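Geometric and topological summary
Listed below, chain by chain, are the residues.
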Amino acid sequence: MDDPGPAGERPIVTVGVAIAVPSPWREVLDDARLASGDPLGGVVPAHLTLLGPTEIGADDLGAFERRLAGVAAATAPFTLHLRGTGSFRPVTEVVFAAVAEGIAICERLEAAIRVGPAFRDRRFPYHPHVTVAQNVGTAALDAAFNGLADFEAKFRVDAFTLYTHPTAHSPVEIETATPWTPRREFELGGA
């Protein structure tokens, strides 16, 4: 049960939606993130974000889950192909595993998910990727970029996962390293 908090404050929950990178590629990407010194290495497993950390009212969570079920049911399983690395530098200090196949469907999923209570303005246009280093120095970013230049993974995506993290009654700092809890997996194609 959500603590109603001080009078007039609506309980909120932080949600996120992601496609998990399966083994054995997850471990390769997780190890690279840890090696870079990224503060989220070892806390957040390798994933492709469909909806970044977003605060919604706790009472909106059920409707949001129903929305996700509908989006998943209307989406066929697909192939996600990761190949090599990319970077958002100099705009942001991020190095990632690049998506070579599956970009368009990830963009459609993101657009279908980021509506209603989960709508939020983006700081940057959506670009599907798997982060392997951020919030680290230039040398660590360069090492991650070069170390995974030949990385390749190709796998079938059959589901995406809703993650939650309970939040206090006011906004939290999204940059804070917090463990995310898988709440529910949504199988694609309604299977």
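Residues numbered from 1 in each chain as written. Predicted model: local features only at pLDDT ≥ 70, side-chain atom pairs only at ≥ 80, totals over all residues. Heavy atoms only, no water.

**Quick notes on the overall build of the protein chain**
To keep it simple, the criterion reads: Helix and strand assignments come from DSSP, with helices taken as H or I runs of at least 4 residues and strands as E runs of at least 2, each series counted from the N terminus. Contact definition: two residues touch when any of their heavy atoms are within 4.5 Å. Working definition of accessibility: Shrake-Rupley area with a 1.4 Å probe, residue cover restricted to the visible protein chains.
Counting its regular elements, the protein chain contains four helices and eight strands. Reading the protein chain from its N end, one meets helices and strands in the order β-α-β-α-β-β-α-β-α-β-β-β. Counting contacts in the protein chain only where the partners sit at least 6 residues apart, residues at least 24 apart contribute 79% of the total. Carbon and sulfur atoms form 54% of the exposed surface of the protein chain, whose accessible area is close to 9,800 Å².

**Structural notes on the pattern of salt bridges**
Pairing of side chains with opposite charge becomes possible as their charged atoms draw close. Basically, it comes down to this: A side-chain nitrogen of Lys or Arg and a carboxyl oxygen of Asp or Glu constitute a salt bridge if their distance falls within 4 Å.
The final tally for this structure, using the stated rule, is seven salt bridges. Taking the shortest distance from any N to any O, the salt bridge between R184 and E65 comes out at 3.5 Å. One end of the pair, R184, is in strand β8 (residues 181-187); the other, E65, is in helix α2 (residues 61-73), with 119 residues separating them in the sequence. Put simply, E65, R183 and R184 are held in one network by salt bridges that share partners.

**Some words on the confidence of the model for the protein chain**
Definition in use: What pLDDT conveys is the predictor's confidence in a given residue, as a value from 0 to 100.
Predicted confidence across the protein chain gives a mean pLDDT of 85, with 82% of residues reaching 70 or more. Per-element averaging of pLDDT across the protein chain places strand β7 (residues 159-166) at the bottom with 87 and strand β6 (residues 152-157) at the top with 98. Scored below 50 in pLDDT, residues 1-7 shows nine contacts in the model against residues more than four places distant or in partner chains.

**Side note on unusual backbone geometry**
In this structure, P24 follows S23 across a cis peptide bond, with omega equal to 5°. Structurally, P24 is set in the loop between β1 (12-20) and α1 (25-36). The residue N135 is not glycine, and still its phi comes out positive at about 60°. With respect to the helices, strands and loops of the structure, N135 is situated in the loop between β5 (129-134) and α4 (138-147).

**A look at the nonpolar core**
Counted only if it meets this: To form a nonpolar core, buried Ala, Val, Leu, Ile, Met, Phe, Trp, Tyr and Cys residues must be joined to one another through side-chain atoms within 4.5 Å. The classification of residues rests on relative accessible area computed with a 1.4 Å probe and restricted to protein chains. Under 20% of the type maximum is buried, over 50% is exposed, and intermediate values are partly exposed.
Ranked by internal contacts, the top residues of the largest apolar core, which has 43 residues, are L29, L50, L82 and F160. Per-element tally for this core: the top contributor is α2, with five residues. Leaving out residues up to four positions away in the same chain, L82 has contacts with V21, L29, A98, V99, A100, V130, F151, E152, A153 and F155.

**Remarks on the packing of aromatic side chains**
What counts here: The criterion for an aromatic pair is that two Phe, Tyr or Trp rings (for Trp, the six-membered ring) have centres within 6.5 Å, with stacked assigned to planes under 30 degrees apart, edge-to-face to planes over 60 apart and tilted to the rest.
Using the criterion set out here, one finds two aromatic pairs in the structure. Consider the rings of W25 and F155, whose centres lie 5.8 Å apart with planes at 25°: the pair is stacked. Within this pair, whereas W25 is found in helix α1, its partner F155 is found in strand β6, the two being separated by 130 residues in sequence. Take F155: its relative accessible area is 7%, and that puts it in the buried class.

**A few points about α1**
Definition in use: A helix is expected to span 1.5 Å multiplied by its residue count minus one. Here the arc refers to the directions that run from the helix axis out to each C-beta atom.
The end-to-end C-alpha distance of α1 is 17 Å, a good match for the 16 Å that twelve residues give at a rise of 1.5 Å each. Along α1, the residues that are buried comprise L29, D30, A32, R33 and S36. Along the long axis of α1, the arc covered by the buried residues comes to 160°, so they all point the same way. Here the buried face of α1 lies against β3 (78-87), β4 (94-101), β5 and α4. Phi for G37, located one or two positions after α1, is positive at around 85°.

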